[in-house]
Amino acid sequence: MTQLLRAVWFEPRPAGAPVRVWRDWALVAVLVVAAVLEGVLRPDLPWRVVSVAIAVALVPTVLWRRTRPLLMVAIAFGGCALSPLLTGGELAELQTMGFLTLLPYALFRWGSGREMVLGSAIMLGRLAVLVPLSQTGLGMAAVGVLVLSVAAACGTAMRYRARARQRDLEKVKLLERERLARDLHDTVAHHVSAIAIRAQAGLATMSVHPEAAADALRVIEAEATRTLTEMRTMVRALRRSEEADLAPSPRIADLARLGSGAGPVVDVEIDGDTDDLSPSVGSAIYRLAQESVTNARRHARHATRILVRVAADDTSVRLRVTDDGETGHGGATPGYGLIGMTERADLLGGTCEAGPNPGRGWTVSAVLPRGGAAA
């Protein structure tokens, strides 16, 4: 119980409280007119001028109810509690003053924990003053407590509903950042690996075969251009002021492009019908194969061949990427590449496994459902 009270007391104010808008000014105008009309037309109203003056004086509290909720509650309910001093102890309140229920709502929607506790004490104190002055006694006080409780409950519900929505938005943003991180690693790292390999080859052969070094520079230039293009595409997607690139994502049919880089020969074989695959599954198969080929080129020493096999049946699509090198995968800490591959497959309801072969080489195996249904 103590921890709950401490949690409430130290509850911070929600961010993003809206300032005064035109609707608030319109509400003030309507309430002022309503208070004046009630004062003129209501025949049984005691202390007519004082009642109208108090109501009109308290109407502006709705303008600052979100940004200064405790102060507005103190002014409004404190003023109501002191108003009997002007009327000789007689209640002089308009029906229009029902707008005061907006203040406890705003207090519990936008106030801090301290403000909610202190504001509740002020409102209950006002009701305590009301009891000896009311003809219905405790019954009227009970009704007042109920009305204020409903307003406070509505404010609390909206407060935590907004907080839950904010958490959902943060989760979506986090998932989007993870997706972009995977795409960045899958696409840019592939081209950078090719650049590094060609640069090493050019340096090794420059003194003996200058023309080979020139070829390496041309490949590096092409890969660097592709890398910049990928980066610009991602930056445009992140900038809301610019339209994102609507070019289609790579598919299984684009797997042949994986053999264009430097390094071991990439042999691609596709078996089965892959034309009507879900776009997300086709793109995922390409990205998984791309990352597998990049890892093989980066880590498989003395590899001469990388086999990429895709087999599709009525229910699933299977990917198998195998190299024949002296693998160095197992000796290193698993990086973001393998983690991203596993996450990508899991998001589509599939699996992805990677490990060394019994003899030489390394194999990546992935199985995805054709429809890409979530797990």
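Residues numbered from 1 in each chain as written. Predicted model: local features only at pLDDT ≥ 70, side-chain atom pairs only at ≥ 80, totals over all residues. Heavy atoms only, no water.

We now examine the pairing of strand E2 (residues 305-312). With burial as the criterion, only one face of E2 is covered, namely that bearing Ile 306, Val 308, Val 310 and Ala 312; the residues Arg 305, Leu 307, Arg 309 and Ala 311 on the opposite face remain uncovered. Direction of pairing for strand E1 (residues 265-271) relative to E2: parallel, over a ladder of 7 bridges. Residue pairing across strands places Glu 269 opposite Arg 309, the latter belonging to E2. In terms of handedness, the path from E1 via helix H9 (residues 279-299) over to E2 forms a crossover that is left-handed. Here E2 hands over to strand E3 (residues 316-323) after 3 residues, the two strands then running antiparallel side by side. (Buried < 20%, exposed > 50% of the residue type's maximum accessible area, 1.4 Å probe, protein only. Helix = DSSP H or I, 4+ residues; strand = E, 2+ residues; numbered from the N terminus. Pairing = 2+ DSSP bridges. Right-handed = clockwise from strand over helix to strand, strands pointing away.)

Before going further, it helps to spend a moment on unusual backbone geometry. One non-glycine residue, Trp 47, lies in the positive phi region at around 50°. Its location among the elements puts Trp 47 in the loop between helix H2 (22-41) and helix H3 (48-58). The class of Trp 47 is partly exposed, set by a relative accessible area of 41%. Despite not being glycine, His 302 shows a phi value in the positive range, around 60°. Here His 302 shows up in the loop between H9 and E2. Taking relative accessible area as the criterion, His 302 reaches 61% and is therefore assigned exposed.

Moving on: the environment of Thr 322. Among the structural elements, Thr 322 can be located in strand E3. Looking at Thr 322, the relative accessible area reads 17%, which means it is buried. Separated by 55 residues in sequence, Thr 322 and Asp 267 have C-alpha atoms that sit 10.0 Å apart. Excluding anything up to four places from it in sequence, Thr 322 contacts Arg 305, Ile 306, Leu 307, Asn 357, Trp 362 and Thr 363. Separated by 3.3 Å, the side chains of Thr 322 and Thr 363 make a polar contact. (Contact = heavy atoms within 4.5 Å. Polar contact = N/O pair within 3.5 Å; in protein donor to acceptor, adjacent residues only side chain to side chain.)

Aromatic ring pairs are defined here through the distance separating the ring centres and the angle between the ring planes. Evaluation of the coordinates by the stated rule reveals 0 aromatic pairs. Seen from the ring of Trp 110, Arg 109 lies directly overhead, with NZ or CZ sitting 3.8 Å from the centre. (Phe/Tyr/Trp six-rings, centres within 6.5 Å; stacked < 30°, edge-to-face > 60°. Lys NZ or Arg CZ within 6 Å of the ring centre and 35° of its normal.)

Now for the pattern of salt bridges. Considering all chains together, one arrives at 10 salt bridges under this definition. As a salt-bridge pair, Arg 163 and Glu 11 come within 2.2 Å of each other at their nearest N and O atoms. Here Arg 163, found in helix H7 (residues 138-205), pairs with Glu 11, found in the loop between helix H1 (2-9) and H2; they are 152 residues apart in sequence, far enough to count as distant. Residue Arg 163 is classed as partly exposed on the basis of its relative accessible area, which comes to 30%. Given a relative accessible area of 13%, Glu 11 falls into the buried group. Notably, a salt bridge pairs Arg 309 with Asp 267, separated by 3.4 Å at the nearest N-O pair. Here the residue Arg 309 occupies a position in strand E2, and Asp 267 occupies one in strand E1, the gap between them amounting to 42 residues. On the accessibility criterion, Arg 309 (26% relative accessible area) is partly exposed. What you see here is one network of salt bridges that share partners, running through Asp 267, Glu 269, Arg 305 and Arg 309. (Salt bridge = Lys/Arg side-chain N within 4 Å of Asp/Glu carboxyl O.)

With that settled, consider helix H5 (residues 102-110). The buried fraction of H5 is high, at 7 of 9 residues. Taken residue by residue, H5 has Leu 103, Pro 104, Ala 106, Leu 107, Phe 108, Arg 109 and Trp 110 as its buried positions.

In the numbering used here, UniProt assigns the "transmembrane region" (unreviewed entry) feature to residues 21-41, 47-63, 70-86 and 139-158. Secondary structure across residues 70-86 comprises 76% helix and 0% strand; the distance between its end C-alpha atoms is 24 Å. Secondary structure within residues 139-158 divides into 100% helix and 0% strand; the distance between the first and last C-alpha atoms comes to 29 Å. (UniProt positions renumbered as here; feature names shortened; annotations may be inferred.)

The subject of this paragraph is the nonpolar core. Ranked by internal contacts, the top residues of the largest apolar core, which has 29 residues, are Phe 77, Met 97, Phe 99 and Leu 100. With 6 residues, the top contributor of residues to this core is helix H4 (residues 69-82). If you look at the next biggest cluster of nonpolar residues, it comprises 28 residues, including Leu 258, Val 310, Leu 348 and Cys 352. (Core = buried A, V, L, I, M, F, W, Y, C linked by side-chain atoms within 4.5 Å.)

What follows covers the confidence of the model for the protein. Residue-level pLDDT values for the protein average 81, and 82% of them are 70 or greater. Of all secondary-structure elements in the protein, the lowest mean pLDDT belongs to helix H8 (residues 210-238), at 71, while H5 reaches the highest, 94. Considering only residues more than four positions removed or in separate chains, one finds that residues 240-246, a stretch of pLDDT under 50, has 6 contacts. (pLDDT = per-residue confidence, 0-100.)

Two numbers describe how H2 lies on H3: the axes approach to 9 Å, and their chain directions differ by 170°. Our classification of the angle between H2 and H3 gives roughly antiparallel. Judged by residue contacts, Val 32, Ala 35, Val 36, Gly 39 and Val 40 of H2 engage Arg 48, Val 52, Ala 55 and Val 56 from H3. Residues of the contact of H2 with H3, tallied by class, amount to 7 nonpolar, 1 polar and 1 charged. (Axes fitted to C-alpha atoms, helices over the stretch in contact; angles between N-to-C directions. Parallel < 35°, antiparallel > 145°, perpendicular 65-115°, else oblique. Nonpolar A, V, L, I, M, F, W, Y, C, P; charged D, E, K, R; others polar.)

What follows deals with the sheet that holds strand E5 (residues 362-369). A sheet is described by the order of its strands in space; here 5 strands give the open sequence E1-E2-E3-E5-E4, paired in mixed fashion. Of all the strands in the sheet, the pair left with one neighbour each is E1 and strand E4 (351-356). Direction aside, the axes of adjacent strands within the sheet are offset by 10° on average. As paired strands, E4 and E5 are joined by 6 bridges and run antiparallel to one another. What sits directly across from Pro 356, in E5, is Trp 362. Running at roughly 10° to E3, H9 makes contact with E1, E2, E3, E4 and E5 of the sheet.

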